[in-house]
Amino acid sequence: MRPSPGFVSSSRTDAIAHQVRQARSAVYWSENTPAPTSRPSLIGDHTADLVIIGGGFTGLWAALQAIEEHPGRTIHVIEAETVGHGASSRNGGFCEASLTHGLLNGLSHWPDENAILDRMGQDNLEALLRDLDRHRIDAAVEVTGTMSVATKPWQVDDLAEYAGTVREHGHHINLLNATETRRELNSPTYLAGAVEPGGAAMVDPSKLVVGLAQTVQNLGVVISERSRVTTVEDAGTVLTVRASGGSVAAPRVLVATNAWAEPEPKIRRYVIPIYDHVLMTQPLSAAQMAAIGWQARRGVSDWANQFHYYRLTEDDRILWGGFDANYYRGNGMGPQYEQRIDSHITIAGHFFDTFPQLEGLGFSHRWAGPIGTTSKFTAAFGHAHRRRLVWVAGYTGLGVGASRWGARVGLDLVDGKSTERTELKMVRRKPLRFPPEPIRNPLIQFTRRQIAQADANHGAPGPWLRLLEAFGVGFDS
């Protein structure tokens, strides 16, 4: 078990491992959301104006925008499991404005379009929050902003440089010294911080996805669950989407399966599944909350390539995730990858290194989920069947907010519209392909080791990471 760069290796491994094993192997968000009425599977043959494959954030945002834009449109959402089963209910609930995985990544890949993408991202977040209010979707929204923290001296300088870049592009950011950072959130590991008060809200992702599903059903959208799509057949004037129990024929199909990359095999060239690991603590007592502060309740991440992200829930639990992201040979996905106990023990040790005043606090839940990522860390778009099938995938962990925008772009594309969104290079040009297996796995594992080495070397990337940068390939955990 490799110790975290920048964190003190703990001698309490056995005790921490015991605490982790006591946690439920389940997703806290899903268990904390009242189970909706079970929806029927797809049975028999049907027709629609639009079929959406995938009942997560992208699929449901697409359904909502499509039905509101054309109230008479017949829309059928087909989900392989239950709505929100995948990443949409397993994430940290950071609903951010960025469409580009942060300002620096946007400037790196689309410097001439970054201002447009930035504006679109801000508009999208505001519209998303208005949608939730208008449809009375209770997603436990807290508009908190975010804070980045430096835990090593080299990160202090990097964070200051970042703050300058943020200001140059017209955004508000407060650079904090160690004392000021610890007033925001008290950890002895903090050397500096940067607060961005706008551009982010914390949400309960399961409540959000369940609320979206119920809203679109109320508006007339049909949702079929437990119906895995096997093929999409081109019948000339329509595409026939087939599942084991039935089919839906429609002139247009939007694929919104993200990391699962089904049923369009081309998606896997550009989007790979990376498993992210998450812990949820027991609720903090009033004394424990006083010991850490966190009155502003901002979402937090540390300033490293292998980073942690963390936040408070409605009932003052701490969600703690990130750092140890894993790819499995052959694009491995499934329940067998959701409980990697060594990864959970590793990040639990980092949790108590960050907050030693919470020593002994238990964990209630532990889980993992696949992040669909591209080589540029942003959504990719593609098409098939003479552009009557469009797919969008690859938000790389920032899909809570960006999925609404991705859905809007996907609808523009499948409807054949030319808009400001569809003309963006980010939409028109796909990211660099990932190499196929058997090359893919060893290259990803080698890159993971190089990322850890860069953090241990004051953040300086080695030759391999510099080569990836030259080809426009991003890297972090």
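Look a little higher up for the structure.
Below is a summary of the structure that appears in this document. This one's a predicted model, so the numbers in the text were calculated from it and none came from an experiment.

### Remarks on the side chain of Thr 374
Following the sequence through the fold, Thr 374 ends up in the loop between β19 (363-373) and β20 (380-384). Take Thr 374: its relative accessible area is 1%, and that puts it in the buried class. Not counting residues within four places of it along the chain, the set of residues in contact with Thr 374 comprises Tyr 270, Val 271, Ala 380, Ala 393, Gly 394, Thr 396, Pro 431 and Phe 434.

### Section: the environment of Ser 88
The residue Ser 88 is located in helix α4 (residues 87-90) in this model. A sequence separation of 364 residues divides Ser 88 from Ala 452, and the C-alpha atoms of the two residues are 28 Å apart. Within polar-contact distance, the side chain of Ser 88 engages the backbone nitrogen of Phe 57 at 2.8 Å.

### Re empty space enclosed by the protein
Throughout the structure, instances matching the rule amount to four cavities of 30 Å³ or more. Surrounding the largest cavity, Ser 98, Leu 99, Thr 100, His 101, Phe 377, Thr 378, Ala 379, Tyr 395, Leu 398, Ala 402, Trp 405 and Met 426 form its lining. Here the second largest cavity is characterised by a volume of approximately 40 Å³. Residue lining of the second largest cavity: Tyr 28, Trp 29, Asn 32, Ala 140, Asp 204, Arg 311, Thr 313 and Glu 314, and that is the complete set. Class assignment of the residues belonging to the lining of the second largest cavity gives a composition of three nonpolar, two polar and three charged.

### A few points about the pairing of strand β15 (residues 272-281)
Among the 10 residues that make up β15, 10 are buried, leaving the element largely enclosed by the rest of the structure. Covered by surrounding structure in β15 are Ile 272, Ile 274, Asp 276, Val 278 and Met 280 together with Pro 273, Tyr 275, His 277, Leu 279 and Thr 281, the residues of both alternating faces. As defined by bridge partners, β15 adjoins β19 across 10 bridges and the pair is classed as antiparallel. Counted as the bridge partner of Ile 274 is Ile 371 from β19. Bridge count between β15 and strand β18 (residues 318-322): three bridges; the pairing is antiparallel. Bridge assignment links Val 278 to a residue of β18, and that residue is Gly 321.

Rules and cut-offs
Residues numbered from 1 in each chain as written. Predicted model: local features only at pLDDT ≥ 70, side-chain atom pairs only at ≥ 80, totals over all residues. Heavy atoms only, no water. Helix = DSSP H or I, 4+ residues; strand = E, 2+ residues; numbered from the N terminus. Buried < 20%, exposed > 50% of the residue type's maximum accessible area, 1.4 Å probe, protein only. Contact = heavy atoms within 4.5 Å. Polar contact = N/O pair within 3.5 Å; in protein donor to acceptor, adjacent residues only side chain to side chain. 1 Å grid on protein atoms, 1.4 Å probe; cavity = no way out; pocket = protein on both sides within 12 Å on 5 of 7 lines; lining within 4 Å. Points joined across faces, edges and corners; volume = space filled by probe spheres on them. Nonpolar A, V, L, I, M, F, W, Y, C, P; charged D, E, K, R; others polar. Pairing = 2+ DSSP bridges.

So, to be careful, I would describe these as geometric facts and stop short of saying anything about function.
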